[in-house]
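Listed below are the residues making up each chain.
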Amino acid sequence: MNTPVAGAAVGLNYGGDAAGLICAYRMDGTGPAQPIDSVQAEQWLQAHAQEPGGSSAESADDAAPHPFLWLHFNLSQTQAMRWMERHAGLPDAFFEALKEGSHSTRIERDDDTLIAVLNDAHFDFAFEPFDIATLWISVAPHLVVTARAHPLRSVDALRTAVRNGHSPRSSVALLEQLMRTQAGGLVDIVRGVTQRIDDIEDELLAGRLDHKRARLGVLRRLLVRLQRLLAPEPAALFRLLQNPPAWMGDEDAQELRDSTEEFSVVLRDMQGLQERIKLLQEEVAASVQEANSRSLFVLTVVTVLALPINILTGLLGMNVGGVPLADSPHGFWIIVGLLVVFMPVAAWIALRGPRDR
């Protein structure tokens, strides 16, 4: 359908071509996906639009796989939106979600098209709370369109799998594979956060505080942000599966349901990590408070011990008549003797209170 050189160019075009198309594949579920460019995608969509009834009119129970396109766009290029509006025939709800910049996770049905807004980790994810971006998806029987403004880990992993020969049998199967890849990415994030928490806990038990409070705060903010953005996804998909489009097969619906259960398990693990971080933060705060209390106690003892010296030197240093021992040859040693007597008394007064050992 196209030359190998063109296919290689599409596979390596990470930022997008002149139309903002990062990659495009034609799949039929029977063999490897065929990479195409934006011109070939336009021609295929025009030919499909001229078919009577289209794929949406076909029965969901038909076991024969039907060809479909996957188009992945870079929204940072202004031509991407124009190309989709002119050639993709996407529903208005998809463009409204793009123009609104909606980041709230949802999966809903618009007539015979599924519209999804998913959140995923950046391709260069560095365990920072703001390393999360949005992926907009439109799924129809003959066309899957994904669009993003920043490189994302899950969709890039799916793109690599398709390029290496994996070919989903249907457009819904591609969505299901994307969600499973997203769940796998979340598992990796949870494992990374768990490892960092284990290291912080080991350092805490060893008594090396350093900057663990700040590190724990960053990890907790990351998990809270992920939880807030991703938690609505399973519920949204379950609501969709209560009333799926007619062209969605039972097998595809079941696989989507299974992927949702896996996603829910990951979210529960994230909730458990948040609780663990909270406990560690409380432990670190208690350790810091204990260290501050010890420092304050030492400062108090030093102040009390120095109090007699300060009082006597202040009194004896006044330039007034009648200062005691001013004319005595042993006056200095008498004062030293008085201080030697008073300082143990002051130390006893400072140390006699109950203290934690």
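Up top is the structure these notes are about.
These numbers were taken from a predicted model, which means no experiment stands behind them.

> In this structure, what is going on with the overall build of the chain? I would like to understand it.
Regarding its fold elements, the chain presents ten helices and seven strands. Across the 357 residues that make up the chain, the buried fraction comes to 42%. In the chain, once contacts between residues fewer than 6 apart in sequence are set aside, the share between residues at least 24 apart is 71%. Summing over all exposed atoms, the chain offers an accessible surface of approximately 18,800 Å²; the carbon and sulfur share of this is 56%.

> How should the pattern of salt bridges be read in this particular structure?
It is possible for side chains bearing opposite charge to pair when their charged atoms get close. All told, the structure shown has eleven salt bridges when counted by the stated rule. Across the pair Asp198 and Arg276 runs a salt bridge, and its minimum N-O distance is 2.5 Å. Linking Asp198 in helix α6 (residues 171-205) with Arg276 in helix α9 (residues 250-316), this pair joins segments that are 78 residues apart in sequence. For the salt bridge of Glu290 with Arg294, the shortest nitrogen-to-oxygen distance reads 3.1 Å.

> Which parts of the structure should I look at to understand the sheet that holds strand β7 (residues 143-148)?
To summarise the sheet geometry, strands pair through backbone hydrogen bonds and adopt either a parallel or an antiparallel arrangement. Reading across the sheet, the seven strands line up as β2-β1-β3-β7-β6-β5-β4 and stay open at both edges, with mixed pairing between neighbours. The open sheet terminates on both sides in strands that have one partner only, identified here as β2 (34-35) and β4 (106-110). Bridge count for strand β1 (residues 21-27) against β2 is two bridges, and the pairing is antiparallel. Looking at β2, one finds that Tyr25 is bridged to Pro35. Against the sheet, helix α5 (residues 153-163) engages β1, β3 (68-74), β5 (113-121), β6 (132-139) and β7, with an angle of about 45° to β1. Across the sheet, α6 lies against β1, β3, β4, β5, β6 and β7, angled at about 165° from β6, the strand it touches most.

> Can you help me understand the nonpolar core in this one?
In globular proteins that are soluble, nonpolar side chains generally tend to be buried together. Ranked by size, the top nonpolar core spans 32 residues in total, and within it Met27, Trp70, Ile107, Ile137 and Leu256 carry the most contacts. Mapped by element, the contributors of at least two residues to this core are β1, β3, β5, β6, α5, α6, α8 (232-242) and α9. If you tally residues by element for this core, the top one is α6, at five residues. Once residues lying within four places of it in the same chain are set aside, the contact partners of Leu256 are Val172, Leu175, Glu176, Met179, Leu237, Leu241 and Met248.

> Can you walk me through unusual backbone geometry in this structure?
We note that Asp111 has phi near 55°; this positive angle belongs to a residue other than glycine. Following the sequence through the fold, Asp111 ends up in the loop between β4 and β5. The exposure class assigned to Asp111 is exposed, which follows from its relative accessible area of 63%.

> Whenever I open this one, a nonpolar patch on the surface confuses me. Can you help?
Judged by side-chain polarity, Leu307, Ile311, Leu315, Leu316, Met318 and Val320 come together as a nonpolar surface patch covering roughly 530 Å² of accessible area. Here Leu315 lies in helix α9. Residue classification places Leu315 among the partly exposed positions, given a relative accessible area of 48%.

> Before we go on, may I ask you to explain the packing of α8 against α9 in this structure?
Remark: α8 packs on α9, axes separated minimally by 9 Å, with the N-to-C direction vectors making an angle of 160°. One way to sum up the angle between α8 and α9 is to call them roughly antiparallel. Crossing hand, α8 versus α9: left-handed. Taking contact as the criterion, the partners of Glu233, Pro234, Leu237, Phe238 and Leu241 in α8 are, on α9, Ala253, Leu256, Arg257, Ser259, Thr260, Glu261, Phe263, Ser264 and Leu267. Split into classes, the residues belonging to the contact of α8 with α9 amount to eight nonpolar, three polar and three charged.

> Looking at this structure, how should I read the environment of Thr134?
Topologically, Thr134 is positioned in strand β6. For the pair Thr134 and Asn119, spaced 15 residues apart in the sequence, the C-alpha separation amounts to 4.4 Å. There is a polar contact of 3.0 Å between the side chain of Thr134 and the side chain of Asn119.

> Help me understand the side chain of Thr146 in this model?
With respect to the helices and strands, Thr146 occurs in strand β7. Since its relative accessible area comes to 2%, Thr146 is described here as buried. Residues contacting Thr146, with those up to four places away along its chain left out, are Trp70, Leu71, His72, Phe73, Leu135, Trp136, Ile137 and Val155.

> Can you help me understand α9 in this one?
Spacing of three or four residues puts side chains on the same side of an α-helix, whose turn is 3.6 residues. For α9, with 67 residues, the first-to-last C-alpha span of 98 Å sits near the 99 Å given by 1.5 Å per residue. When the local axis directions of α9 are compared, the greatest deviation, roughly 35°, occurs at Ala306, which is followed within four positions by the proline Pro308.

> Where do I start with the packing of helix α3 (residues 78-88) against helix α4 (residues 92-100) in this structure?
Running from N to C, α3 and α4 cross one another at 165°; their axes reach a closest spacing of 12 Å. Classed by the angle they form, the pair α3 and α4 counts as roughly antiparallel. Remark: the crossing between α3 and α4 carries left-handed chirality. Contact residues: Met81, Met84 and Glu85 in α3; Phe94, Phe95, Leu98 and Lys99 in α4. Its residues assigned to classes, the contact of α3 with α4 shows five nonpolar, no polar and two charged.

Reading the values: rules and limits
- Residues numbered from 1 in each chain as written.
- Predicted model: local features only at pLDDT ≥ 70, side-chain atom pairs only at ≥ 80, totals over all residues.
- Heavy atoms only, no water.
- Helix = DSSP H or I, 4+ residues; strand = E, 2+ residues; numbered from the N terminus.
- Buried < 20%, exposed > 50% of the residue type's maximum accessible area, 1.4 Å probe, protein only.
- Contact = heavy atoms within 4.5 Å.
- Areas by Shrake-Rupley, 256 points an atom, 1.4 Å probe, with all protein chains shown as cover.
- Salt bridge = Lys/Arg side-chain N within 4 Å of Asp/Glu carboxyl O.
- Pairing = 2+ DSSP bridges.
- Axes fitted to C-alpha atoms, helices over the stretch in contact; angles between N-to-C directions.
- Core = buried A, V, L, I, M, F, W, Y, C linked by side-chain atoms within 4.5 Å.
- Patch = residues over 30% accessible without salt bridge, like charges linked within 9 Å, V, L, I, M, F, W, Y side chains within 5 Å.
- Parallel < 35°, antiparallel > 145°, perpendicular 65-115°, else oblique.
- Left-handed = near helix turned anticlockwise from the far one by under 90°.
- Nonpolar A, V, L, I, M, F, W, Y, C, P; charged D, E, K, R; others polar.
- Polar contact = N/O pair within 3.5 Å; in protein donor to acceptor, adjacent residues only side chain to side chain.
- Expected span 1.5 Å × (residues − 1).
- Bend = angle between axes of the 7 residues up to and from the residue.

These results come straight from atomic positions and should not be treated as a statement about function.
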